[in-house]
Amino acid sequence: MGLKAGIVGLPNVGKSTLFNAITNSNILAANYPFATIEPNSGIVEINDERFSNLVSLYNPKKQVKATFEFTDVAGLVKGASKGEGLGNQFLGNIRNTDAIIHVVRCFINDQILTYNGREVNSINDVNEINLELILSDLEVLNKRLEKIEKQAAVTKDKEKQLECNVIKKLVEALKNEKLASAVELNNEEKQVISSLNLITLKPVIYVGNVDEDTYSNPSNNPNYNALEKYAKENNSQCIPICAKLEEELSRVSKEDRDMYLSSLQTSLTGLDKIAFTSYTLLGLRTFFTAGEDEVRAWTFKNGMSAKECAGIIHSDFEKFFLKAEVFSYDDIMKYKSEHALKEAGKIQTVGKDYLVKDGDILYIKSAAVKK
């Protein structure tokens, strides 16, 4: 269960520079609109201190971290929902992601062109992107409503009637320039329109791209302050990033990078901040499998059972699930060995309904597959 996020924003706000930094790649990051023509994807590993500590403890032959897939989408412009710029091609790419990372320019630099030559204004930029996303979703909803409304009236199909009602509720909100995520929907209503994959229903992380001078104290940046306030008002998260600095740090040694981050009183890179915030926003957690052969981190949704988590490892493990042995990360780090854990009674044997916790180490027991 990998996490997939789309990086969006207006042209020249630092999206591709940020993508280069977090994926340590070298895609084109030029000072003109549409430097990104095809969406660039990169899979990066999640830096989790718990994983590193488990590797040190078990010294496995193989280690596999959890991953995060980023897609860098071309800068959207006014009229994108109608095909302007590179248009609907890129809005389609956003629909296939779990979350949106909306990069917003909060730095002032006369050497880097602003969109349409106007002054830097973080909220105006956010509203312009959101409007295009709203218009794109309106088109999807209206097409779907046109297709099923008559069917629902004639057949009296309850599911189609419910879908029509939900669509109308969303259309009304979008016409008032509200995101679909601002509309209160119950689980049944969310399920009935889930296949439409609405962009404005996805969780958003606003990334304020600040200059190096204000990175250590973004409260000194008026555009970032406005963006952070906007995010809070819309139940979203906001993170300050200096994309230029992140790209530079991605090219130095780990020791030099850690030393610089320490000078900023943090141990987290931009990737770390985005990954951890995304996990929280999407209700994702991490469990581990650990032994001499391999230590591996697995991503799961909060509230999943032991049997469901077994299916993340392998579908047969879920199908033929018998039980699981479970102990916590905190306990293994305290007792330092599984033998000591057993002596202390810290290893549980659980059934299929056990709700897995963040940081659990699991050993799945399943029946042999009969051929």
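See the structure shown above.
Bear in mind the structure is a predicted one, so any value in this text is a computation, not a measurement.

Helices that pack against each other are described as a pair by the angle of their axes relative to one another and the distance between those axes. In the contact formed by helix H4 (residues 122-155) and helix H8 (residues 222-233), the axes pass within 8 Å of each other and the chain directions differ by 45°. If you check the angle between H4 and H8, you find them oblique. Across the interface between the two elements, Ser122, Ile123, Val126, Asn127 and Asn130 of H4 pack against Asn223, Ala226, Leu227 and Tyr230 of H8. Counted by class, the contact of H4 with H8 contains five nonpolar, four polar and no charged residues.

The subject of this paragraph is the pairing of strand S6 (residues 204-209). Side chains on a regular strand alternate between the two faces of the sheet. Of all six residues in S6, six are buried, a share of seventy percent or more. Here S6 shows two buried faces, one formed by Val204, Tyr206 and Gly208 and the other by Ile205, Val207 and Asn209. Pairing between strand S5 (residues 99-105) and S6: six bridges, direction parallel. Residue pairing for S6: Ile101 is matched across the bridge by Ile205. With five bridges connecting them, S6 and strand S7 (residues 237-241) associate as parallel partners.

The next thing to look at is the pattern of salt bridges. With the rule as written, the count across this model stands at 13 salt bridges. Glu294 is the partner of Lys62 in a salt bridge, and the nearest nitrogen-oxygen pair spans 3.9 Å. Placement of the pair is Lys62 in strand S3 (residues 62-64) and Glu294 in strand S9 (residues 294-301), with a sequence separation of 232 residues. The exposure class assigned to Lys62 is partly exposed, which follows from its relative accessible area of 45%. The exposure class assigned to Glu294 is partly exposed, which follows from its relative accessible area of 22%. Residue Glu248 is joined to Lys244 by a salt bridge in which the shortest nitrogen-to-oxygen separation is 2.9 Å. You can see Glu248 and its partner Lys244 sitting in helix H9 (residues 243-249), four residues apart, about one turn around the helix.

Here a ring pair, both rings aromatic, is described through the centre-centre distance and the interplanar angle of the planes. If you walk through the whole model with that rule in mind, you get four aromatic pairs. Look at Tyr206 and Tyr230: their rings are 5.6 Å apart centre to centre, the planes differ by 90°, and that puts the pair in the edge-to-face class. Here Tyr230 lies in helix H8 and Tyr206 lies in strand S6, a separation of 24 residues in the sequence. A relative accessible area of 1% means that Tyr206 is categorised as buried. Both rings, one in Phe287 and one in Phe300, keep their centres 5.7 Å apart while their planes meet at 55°; by these two values the pair is tilted.

For the rest of this paragraph, the subject is the side chain of Thr286. Considering the arrangement of structural elements, one finds Thr286 in strand S8 (residues 284-290). Judged by its relative accessible area of 6%, Thr286 is buried.

Right, let's get into the environment of Asp360. When you line up the elements, Asp360 lands in strand S12 (residues 360-366). Using a relative accessible area of 4% as the deciding quantity, one classes Asp360 as buried. Placed 35 residues apart in sequence, Asp360 and Glu325 show a C-alpha to C-alpha distance of 10.0 Å. Among the polar contacts listed, one links the side chain of Asp360 to the side chain of Tyr354, at a separation of 2.8 Å.

Here we come to helix H12 (residues 306-313). Within the sequence span of H12, burial applies to Ala306, Cys309, Ala310 and Ile312. Taken down its axis, H12 places every buried residue within 150° of arc, on the same side. On its buried side, H12 packs onto S8, S9, helix H13 (315-319), strand S10 (321-328) and S12.

The phi dihedral of Glu177 falls on the positive side, at around 60°, and the residue is not glycine. In this fold, Glu177 is placed in the loop between helix H5 (158-175) and helix H6 (187-192). The exposure class of Glu177 is exposed, given its relative accessible area of 58%. A positive phi is found at Asn197, a non-glycine position, where the angle reads about 55°.

Residues Phe68, Phe70, Leu170 and Tyr206 are the most contacted members of the largest nonpolar core, which totals 83 residues. Considering each element in turn, this core owes the most residues, nine residues, to H4. In this view, Leu170 contacts Leu141, Ala180, Val183, Leu185, Ile193 and Leu198; residues no more than four positions away in its chain are not counted. Grouped together as the second largest cluster of nonpolar side chains are 16 residues, Phe300, Met304, Ile312 and Val350 included.

Here is what the cut-offs are and how they apply
- Residues numbered from 1 in each chain as written.
- Predicted model: local features only at pLDDT ≥ 70, side-chain atom pairs only at ≥ 80, totals over all residues.
- Heavy atoms only, no water.
- Axes fitted to C-alpha atoms, helices over the stretch in contact; angles between N-to-C directions.
- Helix = DSSP H or I, 4+ residues; strand = E, 2+ residues; numbered from the N terminus.
- Parallel < 35°, antiparallel > 145°, perpendicular 65-115°, else oblique.
- Contact = heavy atoms within 4.5 Å.
- Nonpolar A, V, L, I, M, F, W, Y, C, P; charged D, E, K, R; others polar.
- Buried < 20%, exposed > 50% of the residue type's maximum accessible area, 1.4 Å probe, protein only.
- Pairing = 2+ DSSP bridges.
- Salt bridge = Lys/Arg side-chain N within 4 Å of Asp/Glu carboxyl O.
- Phe/Tyr/Trp six-rings, centres within 6.5 Å; stacked < 30°, edge-to-face > 60°.
- Polar contact = N/O pair within 3.5 Å; in protein donor to acceptor, adjacent residues only side chain to side chain.
- Arc of directions from axis to C-beta.
- Core = buried A, V, L, I, M, F, W, Y, C linked by side-chain atoms within 4.5 Å.

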